[in-house]
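So the chains spell out like this:
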Amino acid sequence: MIDAAALDLSRILRRGDRIVFGQACGEPTTLVEALIAQGQGIGDLSAFIATSFSGLFTPESAASVALSSMGAIGALRSMTRAGKLAIIPVHVSQIGPLITADIIGCDVAMIQVSPADADGNHSCGLIGDYVRAAVEKARVVIAEVNEAVPYTPGELIPASAIDVAVHVSRAPVEVAPAKIGETDEIIARHCAAYIGDGSVIQTGVGAVPDAILRLLGDRKDLGVHSGMLGDGLVELVEAGVITNARKEVDAGISINGALIGTRRLYDWADRNPAIRMCTTSYTHDAAVLGKLSRLVTINSALEVDLTGQVNAEQSGAAYLGGTGGQVDFVRAGARSPGGRSIIALSATAKGGAISKIVSALSGPVTTARSDVDVIVTEYGAAELKGQMLAERARRLIAIAHPDFREGLERAAHDIFQRGF
Ligand SMILES: CC(=O)SCCNC(=O)CCNC(=O)[C@H](O)C(C)(C)COP(=O)(O)OP(=O)(O)OC[C@H]1O[C@@H](n2cnc3c(N)ncnc32)[C@H](O)[C@@H]1OP(=O)(O)O
């Protein structure tokens, strides 16, 4: 084990190496700082990270390492704005397999782990997801062993798999709960209506998911199977609302890939058998998800067109979101007996200047109209699964902001005049 000050990457990395970083709050910030400081001297380095909330990646850091990601999620928007982030459209379920197949290259894995247990195993702490795939593929594994990272059940990395262990004691990245606005609360009420006793929920983090969780205090035996969880989880588990008792698999355990929150969440998760951190090949896997009944998935988007095509990635030239786990979970929720998949978004953006229900998307299709189930805005829920195109347009216009409905009616008339 070495101290961070002694880390000389020029002795470990080779020119042209491809690096994979642990993501979200599992980002190894000491290693990222070292790479940004020393990368130019090594030369021609590239790296993949799925999301980043640290703020360490800036347009200037691109001089040390060329970064790619599945989107501009978290603090990566400054990078897309500056044209310094290469985007790989990929479902979260596929990131691990793409690393294993050497399509997302991984010569060096840079990860953050907890201190080792008595058996010499480090916990992946705040992130399960593609860490193991990176460790198994890399020529060199560099681990930031952080005393402040909780030991979470699930993904363990044996000390023997680590080539360079760097000892640190610093607060991991935290993401404070989002401020919940009036619109978020109304959207949350429409979404919560789909969550009953025994439902298994998947949400992202952010204002709407947090607002939904606050509305579930009277439900019984909720389950959790999610790609990420925030602070909102803790209260519902402690209140006995989330028990996972009725899940067909992983009964009694909240399944999760990433803890994205504050110290409160991290302390709660430490050696807590009520949670298990898993790989994305498990959290987002169709075969695993297919075993769960009453799965309700809730994700967000930038815009939805009148036929139900969902764009969660790009508005014109601005890359704002990402593919993420949306399609994995939309398909799973739609297939689950008694389950639903919800895309929740406010009806307008830019202070009400533009509608998010649109006649034509300004960016790519993230979720196909043939996969989409329920769209929710503050004006209600549009159930689209199995509906004809013209009926979809009627239902979506009904949940658009009133100021935009007339224009959307005219567009729908033009699009559907042949009677689709
Ligand atoms: C750890 C993991 O595995 S991450 C996996 C989870 N992520 C995913 O699944 C990826 C897909 N989802 C996403 O990326 C996000 O949920 C999004 C981008 C769809 C929505 O993110 P939010 O932060 O809730 O969106 P929000 O409504 O606040 O808008 C974000 C920005 O986009 C802008 N925007 C939103 N909609 C539009 C639109 N239709 N047109 C133009 N701009 C828009 C907003 O104005 C805002 O810009 P600002 O920051 O300059 O004010």
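Residues numbered from 1 in each chain as written. Predicted model: local features only at pLDDT ≥ 70, side-chain atom pairs only at ≥ 80, totals over all residues. Heavy atoms only, no water.

A. Examining the nonpolar core more closely. Among the nonpolar cores identified, the biggest contains 94 residues, and Leu13, Phe21, Met110 and Ile142 are the most heavily contacted of them. Structurally, this core is a two-domain feature, drawing no fewer than three residues from each of domain 1 (2-168) and domain 2 (182-418). The residues touching methionine 110, leaving out its near neighbours within four places in the chain, are Leu9, Leu13, Ile19, Val20, Phe21, Gly22, Pro28, Leu31, Leu35 and Ile142. Grouped together as the second largest cluster of nonpolar side chains are 21 residues, Val372, Ile375, Leu396 and Phe416 included. (Core = buried A, V, L, I, M, F, W, Y, C linked by side-chain atoms within 4.5 Å. Buried < 20%, exposed > 50% of the residue type's maximum accessible area, 1.4 Å probe, protein only. Domains from an automatic or database assignment. Contact = heavy atoms within 4.5 Å.)

B. Quick peek at the pairing of strand E22 (residues 340-344). Counting buried positions along E22 yields four of five residues, so the element is predominantly enclosed. Looking at chain direction, strand E17 (residues 295-299) and E22 are connected through four bridges and run parallel. Within E22, the position partnered with isoleucine 298 by the bridge is isoleucine 342. Where E22 and strand E26 (residues 374-377) come together, three bridges link them in parallel fashion. Each residue of the ladder has a partner; that of isoleucine 342, found in E26, is valine 374. (Helix = DSSP H or I, 4+ residues; strand = E, 2+ residues; numbered from the N terminus. Pairing = 2+ DSSP bridges.)

C. Focus on the UniProt feature "domain: Acetyl-CoA hydrolase/transferase N-terminal" (unreviewed entry) in the chain. The residues that UniProt annotates with the feature "domain: Acetyl-CoA hydrolase/transferase N-terminal" (unreviewed entry) are residues 58-167. When the span residues 58-167 is considered, its composition is 16% helix and 27% strand, and the gap between its end C-alpha atoms is 25 Å. (UniProt positions renumbered as here; feature names shortened; annotations may be inferred.)

D. Structural detail: the domain arrangement of the chain. Split by domain assignment, the chain resolves into domain 1 (2-168) and domain 2 (182-418). Of note, the centres of domain 1 and domain 2, computed from C-alpha atoms alone, are 28 Å apart. Opposite the 31 residues of domain 1 that make contact, domain 2 presents 29 residues. Buried area between domain 1 and domain 2, summed over both chains or domains, comes out near 2,400 Å², and the portion from carbon and sulfur atoms is 60%. (Buried area = accessible area lost by both parts, 1.4 Å probe.)

E. The packing of helix H12 (residues 389-398) against helix H13 (residues 402-415), seen in detail. Orientation of H12 relative to H13, taken along the N-to-C sense of each, is 170°, at an axis distance of 10 Å. Between H12 and H13, the angle is such that the two are roughly antiparallel. Two secondary-structure elements touch here, H12 through Ala393, Ile397 and Ala398 and H13 through Arg405, Leu408, Glu409 and Ala412. A class-by-class count of the residues in the contact of H12 with H13 yields five nonpolar, no polar and two charged. (Axes fitted to C-alpha atoms, helices over the stretch in contact; angles between N-to-C directions. Parallel < 35°, antiparallel > 145°, perpendicular 65-115°, else oblique. Nonpolar A, V, L, I, M, F, W, Y, C, P; charged D, E, K, R; others polar.)

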